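Here are the chains, one letter per residue:
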Amino acid sequence: MENNELQEIWKTFDTEINQKSKVELNLLLTSKTRQTMNKFLVIMGISIAVSAGLLIYLAITSLQRQTDLMFLINNATLGIITIISLVSGLLCWYKLQNNKYNQPLKNWLEDRISFLTAWLTGRFSKLYIFLIPVLYVLIVLSIHVYFEHKPFMEVMHTEESVIGLIVAAPIGLFASYFAVHKFRKYQLKNLDFLKDLYNRLCKAG
């Protein structure tokens, strides 16, 4: 790729850039690409940390409530979903961190764009719509029952508890969907940036 072509691509990100060599521009473009990729890794890292924290909570509370069968079933169901989420997050983290330094930037970008596109817009990209209500109910029940210091079934037969859970559900679900929507919008914006950069690199040859 010619130096003037790299200059034109970089000017779309920094209009005040001075004349630089081809090597310097390649390094700048690589750095900009990695900065954008790190935004995905930060969100993924938060997801992994939350999943790990939730598993620790489930393990501790389950050990303290070994005689409450319904509480254990609720926690086990939530734990299975969380473990799947954690493993998925770790695999995604590995995939994005699996750097092959001998690859040209264009090829490196193509691999990650393909992976991120499948992740954010693929056949399972809308799964969160169905998972959020399930996760919300399981998490709220686990926390509520645990801090009530009563057996699961006893809490569920308490009118005040049931009414409180029902009233809080719309607010909690709205907040959950809103947060996920914001995260996805941010991720899709970063993916579009990577696609635009990749298209410019392809056109520049």
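Up top is the structure these notes are about.
Residues numbered from 1 in each chain as written. Predicted model: local features only at pLDDT ≥ 70, side-chain atom pairs only at ≥ 80, totals over all residues. Heavy atoms only, no water.

A. A look at helix α5 (residues 127-148). Between its first and last C-alpha atoms α5 spans 32 Å; for 22 residues at 1.5 Å apiece the expected length is 32 Å, and the two agree. Listing the buried residues of α5 in full gives Ile132, Tyr136, Leu138, Leu141, Ser142, Val145 and Tyr146. Just downstream of α5, His149 is the residue with a positive phi angle, here 60°. (Helix = DSSP H or I, 4+ residues; strand = E, 2+ residues; numbered from the N terminus. Expected span 1.5 Å × (residues − 1). Buried < 20%, exposed > 50% of the residue type's maximum accessible area, 1.4 Å probe, protein only.)

B. How the structure looks around the packing of aromatic side chains. Throughout the structure, instances matching the rule amount to 3 aromatic pairs. Note on Tyr146 and Phe147: the rings are 5.0 Å apart at their centroids and 85° apart in plane angle, and the pair reads as edge-to-face. On the accessibility criterion, Tyr146 (17% relative accessible area) is buried. With 6.2 Å between their ring centres and 20° between their planes, Phe174 and Phe178 make a pair best called stacked. Placement of both Phe174 and Phe178 in helix α7 (residues 159-204) is noted, with a separation of 4 residues, approximately one turn of the helix. (Phe/Tyr/Trp six-rings, centres within 6.5 Å; stacked < 30°, edge-to-face > 60°.)

C. View of the nonpolar core. Ranked by size, the top nonpolar core spans 18 residues in total, and within it Met37, Phe40, Leu96, Leu109, Leu116 and Leu194 carry the most contacts. Sorting the residues of this core by element identifies α2 (22-64), α3 (69-97), α4 (105-121) and α7 as the ones contributing at least two each. Examining the composition of this core, we find that 6 residues originate from one element, α4, more than from any other. (Core = buried A, V, L, I, M, F, W, Y, C linked by side-chain atoms within 4.5 Å.)

D. Structural detail: a positive patch on the surface. On the surface, Lys39, Lys182, Lys185 and Lys189 cluster together into a positively charged patch. Considering each element in turn, the positive patch owes the most residues, 3 residues, to α7. Along the chain, the position of Lys182 falls in helix α7. (Patch = residues over 30% accessible without salt bridge, like charges linked within 9 Å, V, L, I, M, F, W, Y side chains within 5 Å. Areas by Shrake-Rupley, 256 points an atom, 1.4 Å probe, with all protein chains shown as cover. Salt bridge = Lys/Arg side-chain N within 4 Å of Asp/Glu carboxyl O. Lys, Arg positive; Asp, Glu negative; His and termini not counted. Charge placed at Lys NZ, Arg CZ, Asp CG, Glu CD.)

E. Molecular detail of the packing of α3 against α5. Running from N to C, α3 and α5 cross one another at 140°; their axes reach a closest spacing of 10 Å. The pairing of α3 with α5 is recorded here as oblique in orientation. Crossing handedness for the pair α3 and α5: left-handed. Within the contact between the two elements, α3 uses Phe71, Asn74, Asn75, Thr77, Leu78 and Ile81 and α5 uses Val134, Leu135, Leu138, Ile139, Leu141, Ser142, Val145 and Tyr146. Tallied by class, residues from the contact of α3 with α5 come to 10 nonpolar, 4 polar and no charged. (Axes fitted to C-alpha atoms, helices over the stretch in contact; angles between N-to-C directions. Parallel < 35°, antiparallel > 145°, perpendicular 65-115°, else oblique. Left-handed = near helix turned anticlockwise from the far one by under 90°. Contact = heavy atoms within 4.5 Å. Nonpolar A, V, L, I, M, F, W, Y, C, P; charged D, E, K, R; others polar.)

F. Structural context of the packing of α3 against α4. Contact pair α3 / α4: the axes reach a minimum separation of 10 Å and the direction vectors enclose 160°. Between α3 and α4, the angle is such that the two are roughly antiparallel. Remark: the crossing between α3 and α4 carries left-handed chirality. Contacts between α3 and α4 pair Cys92, Lys95 and Leu96 from the former with Arg112, Phe115 and Leu116 from the latter.

G. How the structure looks around the layout of surface pockets. Put simply, the largest pocket is a space of about 1,600 Å³. Together, 34 residues line the largest pocket, and Ser47, Ser85, Tyr128, Leu131 and Leu135 are the ones closest to its centre. Only α2, α3, α4, α5 and α7 provide two or more residues apiece to the lining of the largest pocket. If one sorts the elements of the lining of the largest pocket by residue count, α5 sits on top with 8 residues. Here the residues of the lining of the largest pocket sort into 24 nonpolar, 9 polar and 1 charged. (1 Å grid on protein atoms, 1.4 Å probe; cavity = no way out; pocket = protein on both sides within 12 Å on 5 of 7 lines; lining within 4 Å. Points joined across faces, edges and corners; volume = space filled by probe spheres on them.)

H. Geometry of the pattern of salt bridges. On inspection of all chains with the given rule, the structure shows 1 salt bridge. Between Arg65 and Asp68 there is a salt bridge, with the nearest N and O atoms lying 3.8 Å from each other.

I. Quick peek at the environment of Gly45. Position of Gly45 among the secondary structure elements: in helix α2. Once the C-alpha coordinates of Gly45 and Gly89 are considered, the two residues, 44 residues apart in sequence, prove to be 7.9 Å apart.

J. Examining the side chain of Ser161 more closely. Secondary-structure assignment places Ser161 in helix α7. If we ignore the near neighbours within four places in the chain, the residues touching Ser161 are His144, Glu148 and Val155.

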